[in-house]
Amino acid sequence: MNMIISLLLLFALSLSSTDAIASRNHRLSVAQAQHRQRPLFVAASPSKNRQDNDDDDDWREQMLYILNDIRKKANKPAIERSPRADKMAQDHSNYQASINQMTHDDINGSLGQRATKAGILWSGVAENIAFGSQTVEKTMEMWTNSPLHYANMVGNYTQVGFGRMLNSTRSQNDVFWTQVFVYPWMF
């Protein structure tokens, strides 16, 4: 458990209306510093014995079920998946795997910029990322036990998207997970 936690680099970023908040929420921990020192690898195509990241919706439905169970226990309404948020989350997991580094930063811009580019009209957006856990259950457990990640999961969001990418250049433990939470813009 401690090894997984030491390999797991988590932090949450929540934006309500501007991207300026993002720079204040990034804190470099010892685990991050160690993780950033790892050599960078470009992710190759997943081998046939690996899970198909984009086409397999079973894990996404499992994550949604667990998320809505967590929200129900917190007296929050159920959240629903958004195809655009799924694509945004998957693209970010793909990016992290391609650079072999867990990060909220992305060549496509800040979290808010990425949401806008994905065609999401938002007034609030948040992101949870994780690395190292092999299962939906374990990833959700780790996020639930982290106050900032839990706050995103039970926040006043109505849409969610999920991404997962196995970095096939490394071990089976190199799974990059992303959750994107959206509160749509109300006209």
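An unreviewed UniProt entry lists the chain under the name SCP domain-containing protein, with Coemansia asiatica as the source organism.

What follows is about the overall build of the chain. If you tally the helices and strands in the chain, you get eight helices and five strands. Ordering the α and β elements of the chain from the N terminus gives α-β-α-α-α-β-α-α-β-α-α-β-β. Taking all 187 residues of the chain together, 47% fall into the buried category. In the chain, 75% of the contacts between residues at least 6 apart in sequence involve partners at least 24 apart. A total accessible area of about 9,500 Å² is found for the chain, and carbon and sulfur atoms account for 55% of it.

Looking now at the packing of helix H4 (residues 58-73) against helix H7 (residues 136-144). Geometry of a packed helix pair, given as the angle between the helix axes and the separation of the axes. Look at H4 against H7: their axes get within 10 Å of each other, and the N-to-C directions meet at 35 degrees. Every pair of crossing elements has a handedness; the one defined by H4 and H7 is right-handed. Taken together, the residues of H7 that come into contact with H4 (itself represented by Trp59, Gln62, Met63, Ile66, Leu67 and Ile70) are Val136, Glu137, Met140, Trp143 and Thr144. Class assignment for the residues of the contact of H4 with H7 results in eight nonpolar, two polar and one charged.

On to a nonpolar patch on the surface. On the surface, Leu121, Trp185 and Phe187 cluster together to form a nonpolar patch covering roughly 450 Å² of accessible area. Here phenylalanine 187 shows up in the segment after strand S5 (175-184). Take phenylalanine 187: its relative accessible area is 83%, and that puts it in the exposed class.

Parameters at a glance
- Residues numbered from 1 in each chain as written.
- Predicted model: local features only at pLDDT ≥ 70, side-chain atom pairs only at ≥ 80, totals over all residues.
- Heavy atoms only, no water.
- Helix = DSSP H or I, 4+ residues; strand = E, 2+ residues; numbered from the N terminus.
- Buried < 20%, exposed > 50% of the residue type's maximum accessible area, 1.4 Å probe, protein only.
- Contact = heavy atoms within 4.5 Å.
- Areas by Shrake-Rupley, 256 points an atom, 1.4 Å probe, with all protein chains shown as cover.
- Axes fitted to C-alpha atoms, helices over the stretch in contact; angles between N-to-C directions.
- Left-handed = near helix turned anticlockwise from the far one by under 90°.
- Nonpolar A, V, L, I, M, F, W, Y, C, P; charged D, E, K, R; others polar.
- Patch = residues over 30% accessible without salt bridge, like charges linked within 9 Å, V, L, I, M, F, W, Y side chains within 5 Å.
- Salt bridge = Lys/Arg side-chain N within 4 Å of Asp/Glu carboxyl O.

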